[in-house]
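The chain contents come next:
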Amino acid sequence: MRIETERLVLRALEPDLDIRALCRIGQDPRVARMMMSIPADWTQGQAAEFLERSRWRGGLGFRHAIALRSAPEQMIGTVGIGGDPISTAYFIDPDQWGRGYATEALGAFLSVVMPRFGLGAVAADHFRDNPASGAVLRKVGFVETGCEVGSSAARYAAVEVLTYQLDLERLRVGKVAAPVQIGSARLTLRPLFPWDVADVLAGLNDIGISGWLARVPHPYTERDFFDFLEGFARAGETYAIEDADGFSGVLTCGAELGYWLVRRAQGRGYATEAARAALAAWFAAGGGEVRSGHFEGNGASARVLGKLGFAETRRRRVACSALGTLRAHVDLVLTPEAFANQWAGR
């Protein structure tokens with residue numbers, strides 16, 4: 001499971017890659033004193049055991065490495081979740097403090113993990129003399145719930161602990177996936193979030209929708225959704241479409257344009273409106289030509305893409321995952337110039 005934000009990558013811990021950084025960060029007294037389980041004399045062997053216990057295995061009870069997108073192999077901290085009650089915790093290399101990375105990483109992590117594992121609430125805590133962590137938790141949406149006595153292995157003493165809880169509906173995502181929102185006359189295009197899972201599953205398990213899409217399997221599962229969200233959805237290119245009544249579909253717009261609409265949103269001109277708005281933003285930002293296409297027989301998509309200015313490049317047979325067969329497909333392309341000419345004066 002990999003999560004990307006505007007500045008960070010959250011990825012599975014890798015022993016060969018991360019052990020040195022993990023040991024170095026944990027040995028820093030500014031970190032160890034604020035953790036319950038890291039002793040002041042933390043050894044590389046203890047760090048290796050910690051890393052092995054914390055590796056991603058597909059369920060709760062794991063930590064992910066936090067790294068900069070510019071250097072994804074260099075761990076600058078960890079964020080994780082597990083225990084009973086389910087709790088989250090993180091730490092950041094002191095050399096990276098004061099840059100908002102903890103808030104960005106924690107918000108992104110929980111926005112994916114809580115819906116994925118059906119968590120309505122998550123706990124957290126910090127030592128009273130660590131107000132910076134309290135500020136991070138509150139920014140993400142945590143609410144203080146009480147005060148307890150805990151212990152710090154690095155201090156050899158009991159320490160006062162402030163406890164918190166985050167309910168899913170209070171989660172503030174912050175800079176998850178560099179959110180971009182685009183508006184049109186009737187629609188809003190906003191980032192696709194983990195909590196859209198129910199709406200997406202309801203739409204794509206309609207074979208009348210997925211049967212016209214190339215890469216969508218049928219039936220479509222939660223795992224399919226999260227694999228798409230974590231592995232293929234790109235910041236600033238993947239949008240949920242909303243109208244006044246709520247979720248209406250999904251659109252991707254980058255080097256390739258793709259979209260689908262729920263049944264109630266079809267036949268209202270939404271596909272053209274949403275795609276036009278997204279393409280205008282793409283080209284305005286300096287994006288190059290855009291590819292798209294449709295299966296033969298999908299007259300609605302043919303009309304939408306024609307209105308947008310797409311031109312046919314070839315015809316071929318393409319696999320339709322939902323139907324498990326090859327279907328005749330029309331490939332098209334749209335250049336910035338063709339789009340500008342198509343909508344000049346409109």
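Below, the structure is looked at part by part. (Residues numbered from 1 in each chain as written. Predicted model: local features only at pLDDT ≥ 70, side-chain atom pairs only at ≥ 80, totals over all residues. Heavy atoms only, no water.)

### Quick word on the overall build of the chain
Then, in step 1: Within the chain, the secondary structure is distributed over 11 helices and 16 strands.
Then, in step 2: Expressed along its principal axes, the backbone C-alpha trace of the chain runs to roughly 70 × 40 × 40 Å.
Then, in step 3: A buried classification covers 49% of the 346 residues belonging to the chain.
Then, in step 4: Taking contacts inside the chain between residues at least 6 apart in sequence as the whole, the part at least 24 apart equals 65%.
Then, in step 5: Accessible surface, the chain as shown: approximately 16200 Å² in total, 50% of it carbon and sulfur.
Then, in step 6: In the chain, 39 positive and 39 negative side-chain charges are present, and the distance between their average locations comes to 5 Å. (Helix = DSSP H or I, 4+ residues; strand = E, 2+ residues; numbered from the N terminus. Buried < 20%, exposed > 50% of the residue type's maximum accessible area, 1.4 Å probe, protein only. Contact = heavy atoms within 4.5 Å. Areas by Shrake-Rupley, 256 points an atom, 1.4 Å probe, with all protein chains shown as cover. Lys, Arg positive; Asp, Glu negative; His and termini not counted. Charge placed at Lys NZ, Arg CZ, Asp CG, Glu CD.)

### Comments concerning the packing of aromatic side chains
Then, in step 1: For the structure shown, the criterion picks out nine aromatic pairs.
Then, in step 2: Considering the side-chain rings of Phe225 and Phe226, the 5.2 Å spacing of their centres and the 75 degrees angle between planes classify their relative orientation as edge-to-face. An identical accessibility class is assigned to Phe225 and Phe226; each is buried.
Then, in step 3: Geometrically, the ring pair formed by Phe247 and Trp260 is tilted, given 6.1 Å between the ring centres and 55 degrees between the ring planes. Linking Phe247 in strand E12 (residues 246–253) with Trp260 in strand E13 (residues 257–261), this pair joins segments that are 13 residues apart in sequence.
Then, in step 4: In this structure an aromatic cluster arises from ring pairing among Trp56, Phe62, Phe109 and Phe117.
Then, in step 5: Its guanidinium or amino end placed over the ring of Trp212, Arg327 lies 4.5 Å from that ring's centre, counting from NZ or CZ. (Phe/Tyr/Trp six-rings, centres within 6.5 Å; stacked < 30°, edge-to-face > 60°. Lys NZ or Arg CZ within 6 Å of the ring centre and 35° of its normal.)

### As for helix H10 (residues 299–308)
Then, in step 1: Listed as buried for H10 are Ser301, Val304, Leu305 and Leu308. Buried positions in H10, seen along its axis, are confined to an arc of 90 degrees and lie on one side of it.
Then, in step 2: Looking at the residues trailing H10, positive phi occurs at Gly309, about 110 degrees. (Arc of directions from axis to C-beta.)

### Quick word on the side chain of Arg155
Then, in step 1: Inspection of the secondary structure assignment puts Arg155 in the loop between strand E7 (143–152) and strand E8 (157–167).
Then, in step 2: Here Asp129 takes part through its side chain, which lies 2.7 Å from a polar atom of the side chain of Arg155.
Then, in step 3: Aside from chain neighbours lying at most four places away, what touches Arg155 is Arg33, Met34, Phe127 and Asp129. (Polar contact = N/O pair within 3.5 Å; in protein donor to acceptor, adjacent residues only side chain to side chain.)

### Remarks on the environment of Gln44
Then, in step 1: Relative to the elements of secondary structure, Gln44 occurs in helix H3 (residues 44–54).
Then, in step 2: For the pair Gln44 and Leu22, spaced 22 residues apart in the sequence, the C-alpha separation amounts to 8.6 Å.

### Brief notes about the nonpolar core
Then, in step 1: Ranked by internal contacts, the top residues of the largest apolar core, which has 46 residues, are Leu251, Leu257 and Leu279.
Then, in step 2: Of all the secondary structure elements, the ones that give two or more residues to this core are helix H6 (197–204), helix H8 (222–231), strand E11 (238–243), E12, E13, helix H9 (270–284), H10 and strand E16 (325–334).
Then, in step 3: At eight residues, H9 tops the list of elements feeding residues into this core.
Then, in step 4: Core analysis: the second largest hydrophobic core is formed by 33 residues, Met1, Leu8, Leu106 and Val112 among them. (Core = buried A, V, L, I, M, F, W, Y, C linked by side-chain atoms within 4.5 Å.)

### Some details on the pattern of salt bridges
Oppositely charged side chains can pair when the atoms bearing their charge come close.
Then, in step 1: Within this structure, the stated rule accounts for 21 salt bridges.
Then, in step 2: Of the charged contacts, one joins Asp18 and Arg11 as a salt bridge, the two residues approaching to 2.8 Å between their closest N and O atoms. No difference in accessibility class separates Asp18 from Arg11, as the two residues are buried.
Then, in step 3: In this structure, Glu52 and Arg57 form a salt bridge, with 2.8 Å as the shortest nitrogen-oxygen distance. (Salt bridge = Lys/Arg side-chain N within 4 Å of Asp/Glu carboxyl O.)

### Overview of the sheet that holds strand E15 (residues 311–320)
Then, in step 1: Ordered by their spatial adjacency, three strands build an open sheet running E14-E16-E15, and the pairing between neighbours is antiparallel. Each edge of the open sheet is held by one strand with a lone partner, namely strand E14 (290–295) and E15. Between one strand and the next, the sheet's axes are offset by a mean angle of 30 degrees, whatever the strand orientation.
Then, in step 2: In terms of strand pairing, E14 meets E16 through six bridges, oriented antiparallel. Each bridged residue has a counterpart across the sheet, and for Val290 the counterpart in E16 is Leu334. (Pairing = 2+ DSSP bridges. Axes fitted to C-alpha atoms, helices over the stretch in contact; angles between N-to-C directions.)

### Examining the pairing of E15
Then, in step 1: Two strands pair when backbone bridges link them, and E15 and E16 are joined in this way by nine bridges, in the antiparallel orientation. Paired with Cys320 across the strands is Thr325, a residue of E16.
Then, in step 2: In this antiparallel pair of consecutive strands, E15 and E16, the connection spans four residues, and Gly324 shows a positive phi of 65 degrees.

Just geometry here; none of it tells us what the structure is for.
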